[in-house]
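The primary structure of each chain is shown beneath.
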2 protein chains.
Amino acid sequence: MSMVTLSRRSHRIQPFHVMALLARARELEAAGQDIVHMEIGEPDFPTAAPVTEAGRAALAAGETGYLPAGGLPELREAIARHYADHYQAPVDPQRIVITPGASGALVVALAMLADPGQNVLLPDPGYPCNRNFVELVDARPRAVRVTADTDYQLTAGLARAAADPRTAAIMVGSPGNPTGTLAGAADLAGLAAFAEERGVGLIVDEIYHGLHYGDPPAQGVVHAPGSIIINSFSKYFGMTGWRLGWMVMPAEWVPVAEKLMQNLFISASTPAQHAALACFGDEARAIFESRRAAFRQRRDFLLPALRELGFHIPGHPDGAFYLYADVSGLTDDSAELAEALLDRAGVAATPGLDFEQTAPERHMRFAYTTAMERLEAGVERIAQLLRAGG
Amino acid sequence: MSMVTLSRRSHRIQPFHVMALLARARELEAAGQDIVHMEIGEPDFPTAAPVTEAGRAALAAGETGYLPAGGLPELREAIARHYADHYQAPVDPQRIVITPGASGALVVALAMLADPGQNVLLPDPGYPCNRNFVELVDARPRAVRVTADTDYQLTAGLARAAADPRTAAIMVGSPGNPTGTLAGAADLAGLAAFAEERGVGLIVDEIYHGLHYGDPPAQGVVHAPGSIIINSFSKYFGMTGWRLGWMVMPAEWVPVAEKLMQNLFISASTPAQHAALACFGDEARAIFESRRAAFRQRRDFLLPALRELGFHIPGHPDGAFYLYADVSGLTDDSAELAEALLDRAGVAATPGLDFEQTAPERHMRFAYTTAMERLEAGVERIAQLLRAGG
């Protein structure tokens, strides 16, 4: 047994509760039971063929060395064109920094913005890793309760009520995880104005951009141009395992981000950066759009189906691939319901524990990262369990 | 101009001085001048064909999703077998965690070991990024002067003199950068015993393991079994741009490292992990060993050639691909000599500024990451410049 004392941070950072549920789901599958997976935050589609082929071609061409810390210049330009082409938002390629996933971007962003003893505002419910990027740099995550009243988005009013002189930054996500809800343009602009007024950093997580099923979401580059915008090739572009993302930030901060990238990561994956160039071609785009249509179809099925069964899903879950349900009409313990669903109905879904501090026992997240017929089977199984008396 | 105050850490982390020299070298090349590159810390060989082919096959097979946070089980097992096969050092695969490069491993290791206000001992001269991993978690890097007396390795005696009650960890590298020198078994065991006695963490950076030209280096897994050992697929295995590394640690710490990996990175690159499996085949091994022979041939040429020209290179630079020279017999300003070498002789080498705090003006690093005939041309050019009066 080691006599070395691990950092206090090591104890503050918590593992995901869902891991125990996942392990149980795998046990049941190993024992032959069929499980409908509605717990997984990863698209069920493999990387699109044009992207995979571009990766294979890059490897065949020997593209295996380090790249500049800020990223492959052609990729920074392609991303800039993407903003211009699809969002009518011109962005200077020099404001873009390529990162090892949105995860790497969040390490760099928090390292740039927050010092020990400061705090960072985050929406509650929210993505569980975000508070741990804050813990990494020894700032304190400050959970700000968000409700259906603001479509689970952190607004200027909520931020103003929660901020204090030690607030270093505000982190928001749109479309959000676990709620799938979007920030409106006015709300995002209001939040940006508040951050500017206070001189605090604003981090806008747009990793689910592209996956929206109503109006397109408000754009950080348009409505919060002074913020650090985080994006990813994982979700809309379907490159999860490649670990590639990017950040957009004010030009004057780019040398700082590049310095941190260089020291902390050297550069993002070279094969992945070359492969990602193919994400912006017409063939890949058509695949991404057909996948978006599949997600929309699933959302359009699952949302009313769960509401019908008594899951209360307020607001407008118009993006990403998650529904966040208030289950208090069905149970007073969401973890117990999740366990019953898994053990007795063969449906894996995530209780609120990982996502919120306020009322985790009242909430569950359902991911629609599985095919329609599986979602239909899942809903039928849930219905049977509830009919049988929960 | 943003009114947001960036973190204090953003200012403490310094860019590499060599970047200005690199930019100048690229300008000269763009203007048509021939430059011999002896400044680059990356092998000049592309990834070996069996590894690239394995990567291409993995992509064709659709291996593009997330992997477990600790890494692909088969890769953890292959690394464990590698220790057993080549170093007679059995390691439990469960003690191995796969990371996004040694860089990602160092983020995790420092996050595990050091809290704000504590300090971490590092050898000076040393790898410039290392102090910035310490800065990331707001501990203080404490440079410990190492000399040719200990082959530039940090020993228990030096650590004892530098440690205080706020010392959280000690970081060493063998073979070291910029010196190419190795820690002996007794020295490494002594340092491990000291760390254990004080209850401080020991991080042993072995990313240049495999690249040794005399006796094999002492093994952290044998001589410092309670330490966190950092390794990489970048150098010996030639996978720089893929960004893949690993850590070995006491079994009881693995859940902590996995928790951090999961939160900070999700997992290391999936195509890279599949490709890396091919590193342990006979065909790849033969390529790596022939490259090692090439590095050895270059070292055997460059070391006496530079010494002949008045570069004082003490100790035993028997590993990695660096020579670290005391240039005080030739100049009183190594940065000026580096500039003259670049501008007037077309040879790029790195002045001591990035590597040490004690006497940077007296030192330069030469990398032998270029072909023999280029090294020969470089030495001839250096000789001409020195004959012409520096």
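Every value quoted in this text rests on a predicted model; they were computed, and no experiment measured them. (Residues numbered from 1 in each chain as written. Chains lettered and ligands numbered in written order. Predicted model: local features only at pLDDT ≥ 70, side-chain atom pairs only at ≥ 80, totals over all residues. Heavy atoms only, no water.)

What about the packing of helix 3 (residues 49-60) of chain A against helix 3 (residues 49-60) of chain B?
Part 1: Where helix 3 of chain A contacts helix 3 of chain B, the two axes come as close as 9 Å, and the packing angle between them is 170°. On the basis of the axis angle, helix 3 of chain A is roughly antiparallel to helix 3 of chain B. Here helix 3 of chain A contributes Thr-52, Gly-55, Arg-56, Ala-57, Leu-59 and Ala-60 of chain A to the contact with helix 3 of chain B, which in turn contributes Thr-52, Gly-55, Arg-56, Ala-57, Leu-59 and Ala-60 of chain B.
Part 2: Partitioned by chemical class, the residues of the contact of helix 3 of chain A with helix 3 of chain B number six nonpolar, four polar and two charged. (Axes fitted to C-alpha atoms, helices over the stretch in contact; angles between N-to-C directions. Helix = DSSP H or I, 4+ residues; strand = E, 2+ residues; numbered from the N terminus. Parallel < 35°, antiparallel > 145°, perpendicular 65-115°, else oblique. Contact = heavy atoms within 4.5 Å. Nonpolar A, V, L, I, M, F, W, Y, C, P; charged D, E, K, R; others polar.)

Describing helix 4 (residues 73-87) of chain A
Structurally, the α-helix is built with 3.6 residues per turn, so residues lying three or four positions apart point the same way.
Residues and elements named next belong to chain A.
Part 1: Counted at 1.5 Å a residue, the expected span for helix 4 with its 15 residues is 21 Å, and the 21 Å between its end C-alpha atoms agrees.
Part 2: For helix 4, the complete set of buried residues consists of Leu-75, Arg-76, Ala-78, Ile-79, Ala-80, His-82, Tyr-83 and Tyr-87.
Part 3: Two residues or fewer past helix 4, Gln-88 is found with a positive phi of approximately 50°. (Expected span 1.5 Å × (residues − 1). Buried < 20%, exposed > 50% of the residue type's maximum accessible area, 1.4 Å probe, protein only.)

Looking at the pattern of salt bridges
Part 1: Applying the stated rule across the entire model yields 45 salt bridges over all chains.
Part 2: With its nearest N and O atoms 3.1 Å apart, the salt bridge here joins Arg-374 of chain B to Asp-34 of chain B. In this pair, Arg-374 of chain B sits in helix 14 (residues 372-387) while Asp-34 of chain B sits in the loop between helix 2 (18-30) and strand 1 (36-37), placing the two residues 340 residues apart along the sequence.
Part 3: Residue Arg-374 of chain B is classed as partly exposed on the basis of its relative accessible area, which comes to 24%.
Part 4: A single network of salt bridges, built from pairs that share partners, joins Arg-9, Arg-12, Glu-135, Asp-138 and Arg-140 of chain A. (Salt bridge = Lys/Arg side-chain N within 4 Å of Asp/Glu carboxyl O.)

A short note on the sheet that holds strand 9 (residues 322-326) of chain A
All names here are of chain A.
Part 1: The strand order across the open sheet built from three strands is 9-12-11, with neighbouring strands paired in antiparallel fashion. Of all the strands in the sheet, just strand 9 and strand 11 (350-351) have a single pairing partner and so form its edges.
Part 2: Pairing geometry for strand 9 and strand 12 (residues 363-367), over five bridges, is antiparallel. Within strand 12, the residue paired with Asp-326 across the bridge is His-363.
Part 3: Where helix 13 (residues 334-345) meets the sheet, its contacts fall on strand 11 and strand 12, and the angle it forms with strand 12 comes to roughly 40°. (Pairing = 2+ DSSP bridges.)

Observations regarding the relation of the copies chain B and chain A
Part 1: Between the two copies, chain B and chain A, the superposition gives an RMSD of 0.0 Å; the rotation angle is 180° and the shift along the axis is 0.0 Å. Here the two chains are linked by the operation of a two-fold rotation axis.
Part 2: Looking at chain B, 100% of its interface residues are interface residues in chain A too, so the copies touch through the same face. (Least-squares fit on C-alpha atoms with pLDDT ≥ 70 in both.)

Brief notes about the pairing of strand 2 (residues 96-99) of chain A
All names here are of chain A.
Part 1: Along strand 2, one buried face is formed by Ile-96 and Ile-98 and the opposite face, lined by Val-97 and Thr-99, is buried too.
Part 2: Across four bridges, the pairing between strand 2 and strand 8 (residues 245-248) is antiparallel. For Ile-96, the partnering residue across the bridge sits in strand 8 and is Val-248.

Re the interface of chain B and chain A
Part 1: With 71 residues of chain B at the interface, the matching set in chain A holds 71 residues.
Part 2: Of the roughly 6000 Å² buried where chain B meets chain A, counting both sides, 58% is carbon and sulfur surface.
Part 3: On inspection of chain B and its partner chain A, the count reaches two salt bridges.
Part 4: Linking Arg-8 of chain B and Asp-115 of chain A is a salt bridge whose minimum nitrogen-to-oxygen distance equals 3.8 Å.
Part 5: Here chain B and chain A share 39 residue pairs in polar contact (both at pLDDT 80 or more) between them.
Part 6: If you list the elements that add at least two residues to the side of chain B that touches chain A, you get helix 1 (8-12), helix 3, helix 5 (101-113), helix 6 (128-136), helix 10 (254-264) and helix 11 (270-276) of chain B.
Part 7: Here the side of chain B that touches chain A gets seven residues from one element, more than from any other, and that element is helix 5 of chain B. (Buried area = accessible area lost by both parts, 1.4 Å probe. Polar contact = N/O pair within 3.5 Å; in protein donor to acceptor, adjacent residues only side chain to side chain.)

As for the nonpolar core
Part 1: Judged by nonpolar contacts, the single largest core of 270 residues is most densely connected at Met-112 and Ile-170 of chain B.
Part 2: Setting aside residues no more than four positions away along its own chain, Met-112 of chain B makes contact with Leu-6, Ser-7 and Ser-10 of chain A together with Ile-228, Met-249, Trp-253, Val-256, Ala-257 and Leu-260 of chain B. (Core = buried A, V, L, I, M, F, W, Y, C linked by side-chain atoms within 4.5 Å.)

Remarks on the domain arrangement of chain A
One frequently used descriptor of interface size is the decrease in accessible area upon assembly of the parts.
Residue and element names in this part refer to chain A.
Part 1: Considered domain by domain, chain A is made up of domain 1 (8-46 + 284-387) and domain 2 (49-281).
Part 2: Contacts between the two partners involve 37 residues from domain 1 and, on the opposite side, 43 residues from domain 2.
Part 3: In this assembly, domain 1 packs against domain 2 so that about 3500 Å² is buried in total across both faces, 53% of it on carbon and sulfur atoms.
Part 4: There are four salt bridges connecting domain 1 and domain 2.
Part 5: In this structure, the connection of domain 1 to domain 2 is made through 27 residue pairs in polar contact (both at pLDDT 80 or more).
Part 6: Of all elements in the fold, only helix 1 (8-12), helix 12 (282-308), strand 9 and strand 12 reach the threshold of two or more residues within the side of domain 1 that touches domain 2.
Part 7: With nine residues, helix 12 is the largest single contributor of residues to the side of domain 1 that touches domain 2.
Part 8: Of the residues assigned to the side of domain 1 that touches domain 2, the class counts are 17 nonpolar, eight polar and 12 charged. (Domains from an automatic or database assignment.)

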